[in-house]
Amino acid sequence: VAENMNNCCLAAYSVTTALMQAHDHSHIGDPKRLIGNGVLLWFESKRFDEIVQKLQTHQIEILEGPKYNSNAHHREIWFKDLNGYTLVVASPYGDL
């Protein structure tokens, strides 16, 4: 999916379990997991609908969404890549 996205922004965040619990981001990390714990890769794309369709077509493990994030004013979908990392694709700010 990442290969096909244009105009993407990428950031990786490492957070503590306490911070995750405080903000209720259950998909960011799990202390029991060795791979990808506390790491989140975030992409923004104008092709959000196309990416969602491809994720569903290829039966990728969807964790959340697609949904509207009222705090960020965009749509997003959370999923696992083949290596076990959590990825998020978001539409541009204010696209709805």
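Here the structure is a predicted model, which means the values were calculated and not measured.

Asks: I keep staring at the overall build of the chain and nothing clicks. Help me out?
Replies: A count of helices and strands for the chain gives two helices and five strands. Along the chain, helices (α) and strands (β) appear in the sequence β-α-β-α-β-β-β when read from the amino end. Taken across its 96 residues, the chain has 29% of its residues classed as buried. In the chain, the share of contacts with a sequence separation of at least 24, taken over all contacts with a separation of at least 6, comes to 52%.

Asks: For this particular structure, what's the right way to read the environment of Leu-55?
Replies: Tracing the backbone shows Leu-55 in helix 2 (residues 48-57). Spatially, the C-alpha atoms of Leu-55 and Ile-77 are 9.6 Å apart, while their sequence positions differ by 22 residues.

Asks: What should I look at first to understand the pattern of salt bridges in this one?
Replies: Opposite charge on two side chains allows them to pair when their charged atoms are near. A complete count under the given rule lists five salt bridges for this structure. Of the charged contacts in the structure, one is a salt bridge between Glu-50 and Arg-47, with a shortest N-O distance of 2.7 Å. Residue Lys-67 pairs with Glu-64 through a salt bridge whose shortest N-O separation is 2.3 Å. One salt-bridge network, in which partners are shared between bridges, spans Arg-47, Glu-50 and Lys-54.

Asks: Sorry, what's going on with the side chain of Asn-69 here?
Replies: Mapped onto the secondary structure, Asn-69 falls in strand 3 (residues 62-69). In this structure the side chain of Asn-69 is engaged in a polar contact, spanning 3.0 Å, whose partner is the backbone nitrogen of Ala-72. The residues contacting Asn-69, other than those within four sequence positions of it, are His-74 and Glu-76.

How each quantity is defined
- Residues numbered from 1 in each chain as written.
- Predicted model: local features only at pLDDT ≥ 70, side-chain atom pairs only at ≥ 80, totals over all residues.
- Heavy atoms only, no water.
- Helix = DSSP H or I, 4+ residues; strand = E, 2+ residues; numbered from the N terminus.
- Buried < 20%, exposed > 50% of the residue type's maximum accessible area, 1.4 Å probe, protein only.
- Contact = heavy atoms within 4.5 Å.
- Salt bridge = Lys/Arg side-chain N within 4 Å of Asp/Glu carboxyl O.
- Polar contact = N/O pair within 3.5 Å; in protein donor to acceptor, adjacent residues only side chain to side chain.

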